[in-house]
Amino acid sequence: MSKVIMVQGTMSNVGKSLLAAGLCRIMRQDGYRVAPFKSQNMALNSFITEEGLEMGRAQVMQAEAAGIKPMVCMNPILLKPTSHVGSQVIVNGEVVANLSAREYFPYKERLIPEIKKAFRKLEHYADIIVIEGAGSPAEINLKERDIVNMGLARMVDAPVLLVGDIDRGGVFAQLLGTLMLLEEEERRRVKGLIVNKFRGDKSIFTPGTAMLEERGKVPVLGVIPYMELALEDEDSLAERFDRREEGLIDIGVIRYPRISNFTDFNVFEQLPQVSVRYITSVSELHCPDILFLPGSKNTMEDLKWMRQNGLEAAVKKLARNIPVWGICGGYQMLGESVSDPEGVEEGGSIRGMELLPVATQLKKNKIRCQTEGVLPALEGIFSHLSGLKYRGYEIHMGRTLFTGCSFGGQAAGNGGEMEERWQRPVVWDENPNVYGTYIHGIFDRGDMAATVIDILAEKKGIKLESGGMEDYQSFKEKQYDKLADTLRQHLNMEDVYGMLREAHLE
């Protein structure tokens, strides 16, 4: 059987995902086969495995840190919010239902066998499994049928590290209050406290450590400094959404209410002279050098939101002068129409932005696949991307076809020709500033992102510092090593290893 350890937090966004990834990287460096696990994940950022199954990106990030390929058994339940009160429920990588929170609460007990099955499968791959909790274990209204925090820890007999976020304030109340609200059996599972995101001189916190240990009766295993890491965030609490600085090359991303897979743009954050800003209003738009319309969990509602707050009109105006690129839901919005005859989102039909000669019909059957290839001969500002290799994945509830209007300056032709063009990885119109694709992660491989930045710099008539962008996977590997180095310095790994279920690892 695998050894297990679990990272729980006092609330969402305390850094559980990154700390779990750091433990995965450390244990991999120490020679163990290690794998991440999260029984239930709620996020709009997802990934498609080699088998065409959908899982949360946080566990993909942790799998990369562990040096193994992502497997859906690492995240057997994924909830993708479709509204404030409902989510698409994905079990073992496949959509099973759309349920309200009230409906899901009793339903999740039926998923316990699937969680156990996924965990047992993962045990075949790993010496150590690093488990991530969700939210807080002290949510009293959710504890009765808990399958992701203490309920899961009990299920797999895992010791728990409890993490608090000092950067958001109230870390003593976070940690001690959480311990106080746990039941006695649950408190006994908590073997160590971690204070995360500390800024300044750590020696100043020494009295705080003593007080936490005295009142909580649990050792403080680490005071982790605030880390500047360019790794993927799990959800919309991502701090990158608050960035407002504008670099020499300024990238704008429309942040609709139901934005998904915004990890597509993390690759551009490597260069200090490049900014990635998330935009929610016309007043925030300013004059970006390129504008992205990202994925959306509800394309029609997010398009209405843009229409109502004036962003649609602003995007159409900007498209005359700067490149506009839609990915997945954003690609659908740029077309002539989006229709929903099967009621996937809300039914009916809506006019698109009419910047690309395509029309989308939403379907209940979700398209999920990994894809790779070579970009065809593109026209317009991004013609230099022609022939570059790409690798990514598709995940969408819809089929987009050409309408018979122009494509790359040519007539769309007959149905067979239209079908072939629908399958191309990137599409554009006679207006060479507007592009669309269904491929998430299309800029991550090789020179793709660097070429985009070079094109934008040349158009702007500026020269960026030499050095450029390295391969994104190589860049992330360095980030994982940096994370592991920091944790080794500030976290008592000897005690962490001592918490594993068996005293000695084979």
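Residues numbered from 1 in each chain as written. Predicted model: local features only at pLDDT ≥ 70, side-chain atom pairs only at ≥ 80, totals over all residues. Heavy atoms only, no water.

Caption draft 1: A look at the overall build of the chain. Across its full length, the chain carries 16 helices and 28 strands. Relative to the compact-globule value of 23 Å for 506 residues, the chain shows a C-alpha radius of gyration of 24 Å, a close match. The principal-axis extent of the C-alpha atoms belonging to the chain is close to 75 × 50 × 45 Å. Considering only residue pairs separated by 6 or more positions, the chain has 73% of its internal contacts joining residues 24 or more positions apart. In the structure as shown, the chain presents an accessible area of about 20,600 Å², 49% of it carried by carbon and sulfur atoms. Counting 60 positive and 70 negative side-chain charges, the chain places the averaged centre of each group 3 Å from the other. (Helix = DSSP H or I, 4+ residues; strand = E, 2+ residues; numbered from the N terminus. Rg over C-alpha atoms; globule rule 2.2 N^0.38 Å. Contact = heavy atoms within 4.5 Å. Areas by Shrake-Rupley, 256 points an atom, 1.4 Å probe, with all protein chains shown as cover. Lys, Arg positive; Asp, Glu negative; His and termini not counted. Charge placed at Lys NZ, Arg CZ, Asp CG, Glu CD.)

Caption draft 2: Examining the nonpolar core more closely. Grouped together as the largest cluster of nonpolar side chains are 73 residues, with contacts concentrated most on F268, L293, F382 and F443. Broken down by element, this core gets its largest block of residues, eight residues, from helix α14 (residues 448-460). Core analysis: the second largest hydrophobic core is formed by 54 residues, M55, A153, L182 and L212 among them. (Core = buried A, V, L, I, M, F, W, Y, C linked by side-chain atoms within 4.5 Å. Buried < 20%, exposed > 50% of the residue type's maximum accessible area, 1.4 Å probe, protein only.)

Caption draft 3: Highlighting the sheet that holds strand β18 (residues 324-327). The strand order β15-β13-β16-β18-β28-β27 describes an open sheet built from six strands, whose pairing is mixed. The open sheet terminates on both sides in strands that have one partner only, identified here as β15 (274-279) and β27 (427-428). The pairing of β18 with strand β28 (residues 434-437) spans four bridges and is parallel. Looking at the pairing, V324 lines up with V434 of β28. Contacts from helix α11 (residues 311-318) reach β13 (249-254), β15, β16 (290-293) and β18 within the one sheet, and its direction differs from that of β16 by about 135°. In the packing of α14 onto the sheet, contacts are made with β13, β15 and β16, and the angle to β13 comes to roughly 120°. (Pairing = 2+ DSSP bridges. Axes fitted to C-alpha atoms, helices over the stretch in contact; angles between N-to-C directions.)

Caption draft 4: Representation of the confidence of the model for the chain within the structure. In the predicted model, the chain carries a mean pLDDT of 90, and the fraction of residues at 70 or more is 93%. Overall, residues 406-421 carries pLDDT values under 50, and its contacts beyond four positions in sequence, including any with other chains, amount to 31 contacts. (pLDDT = per-residue confidence, 0-100.)

Caption draft 5: Inspection of the environment of M353 at higher detail. On the secondary structure map, M353 appears in the loop between β20 (348-351) and β21 (358-361). Classification of M353 by relative accessible area gives buried; the value is 0%. If near-sequence neighbours (up to four positions away) are discounted, M353 is found in contact with L293, L303, M306, R307, E312, V315, K316, M333, L334 and G335.

Caption draft 6: Seen up close, unusual backbone geometry. Backbone geometry at N13 places phi at a positive 65°, although glycine is not the residue there. Residue N13 is classed as partly exposed on the basis of its relative accessible area of 26%.

Caption draft 7: View of the pattern of salt bridges. Taken as a whole and assessed by the stated rule, the structure comprises 35 salt bridges. Linked through salt bridges whose partners overlap, the residues forming this network are K143, R154, D157, E185, E186 and R189. (Salt bridge = Lys/Arg side-chain N within 4 Å of Asp/Glu carboxyl O.)

Caption draft 8: Expanded view of the packing of helix α10 (residues 299-309) against α11. Across the interface, α10 lies against α11 with an axial gap of 5 Å and an inter-helix angle of 85°. Of the possible angle classes, the one that applies to α10 and α11 is roughly perpendicular. Taken together, the residues of α11 that come into contact with α10 (itself represented by L303, W305, M306, R307 and N309) are L311, E312 and V315. (Parallel < 35°, antiparallel > 145°, perpendicular 65-115°, else oblique.)

Caption draft 9: Summary view of the pairing of strand β19 (residues 337-340). The sheet contact formed by β19 and β20 spans four bridges and is antiparallel. Directly across from S337, in β20, lies its bridge partner R351. With three bridges joining them, β19 and β21 adopt parallel strand pairing. Paired with V338 across the bridge in β21 is T360.

Caption draft 10: Representation of the packing of aromatic side chains. Evaluation of the coordinates by the stated rule reveals 19 aromatic pairs. Relative to Y107, the ring of Y104 has its centre 6.3 Å away and its plane inclined at 45°; by these criteria the two rings are tilted. With Y104 and Y107 both in helix α3 (residues 101-107) and three residues apart, this pair spans about one turn of that helix. Both residues of the pair, Y104 and Y107, belong to the buried class. Note on F262 and Y278: the rings are 6.2 Å apart at their centroids and 80° apart in plane angle, and the pair reads as edge-to-face. Here F262 is found in the loop between β14 (259-260) and β15, whereas its partner Y278 is found in strand β15, with 16 residues between them in sequence. Both residues of the pair, F262 and Y278, belong to the buried class. Taken together, F265, F268, F292, W325, F382, Y435 and F443 form an aromatic cluster joined through their ring pairs. The side chain of R199 reaches across the aromatic face of Y226, ending 3.8 Å from its centre. (Phe/Tyr/Trp six-rings, centres within 6.5 Å; stacked < 30°, edge-to-face > 60°. Lys NZ or Arg CZ within 6 Å of the ring centre and 35° of its normal.)

Caption draft 11: Region of interest: helix α6 (residues 171-181). Residues of α6 that are buried: V171, Q174, L175, L176, T178 and L179. In the core, the buried residues of α6 are packed alongside β10 (160-165), α7 (184-189), β11 (190-198) and α8 (206-216).

Caption draft 12: Up close: a nonpolar patch on the surface. A cluster of nonpolar side chains, namely I140, M180 and L181, defines an oily patch on the protein surface of about 340 Å² accessible area. For I140, the position within the fold is in the loop between β9 (128-132) and α5 (150-156). Given a relative accessible area of 58%, I140 falls into the exposed group. (Patch = residues over 30% accessible without salt bridge, like charges linked within 9 Å, V, L, I, M, F, W, Y side chains within 5 Å.)

Caption draft 13: Broad picture of the sheet that holds β19. An order of β20-β19-β21-β24 is seen for the four strands of this open sheet, with the pairing classed as mixed. With one partner strand each, in any of the chains shown, β20 and β24 (399-402) form the two edges of the open sheet. Each strand of the sheet is rotated relative to its neighbour by a mean of 15°, with strand direction disregarded. In this fold α10 packs onto β19 and β20, with an angle of close to 40° to the strand it touches most, β20.

Caption draft 14: Inspection of the layout of surface pockets at higher detail. If you add up the space inside the second largest pocket, you get close to 650 Å³. Taken together, 28 residues line the second largest pocket, and the ones lying closest to its centre are F47, E64, R391, Q473 and K476. Broken down by secondary-structure element, the contributors of at least two residues to the lining of the second largest pocket are α2 (57-66), β23 (389-396) and α15 (472-490). Of the residues belonging to the lining of the second largest pocket, the class tally is seven nonpolar, eight polar and 13 charged. (1 Å grid on protein atoms, 1.4 Å probe; cavity = no way out; pocket = protein on both sides within 12 Å on 5 of 7 lines; lining within 4 Å. Points joined across faces, edges and corners; volume = space filled by probe spheres on them. Nonpolar A, V, L, I, M, F, W, Y, C, P; charged D, E, K, R; others polar.)

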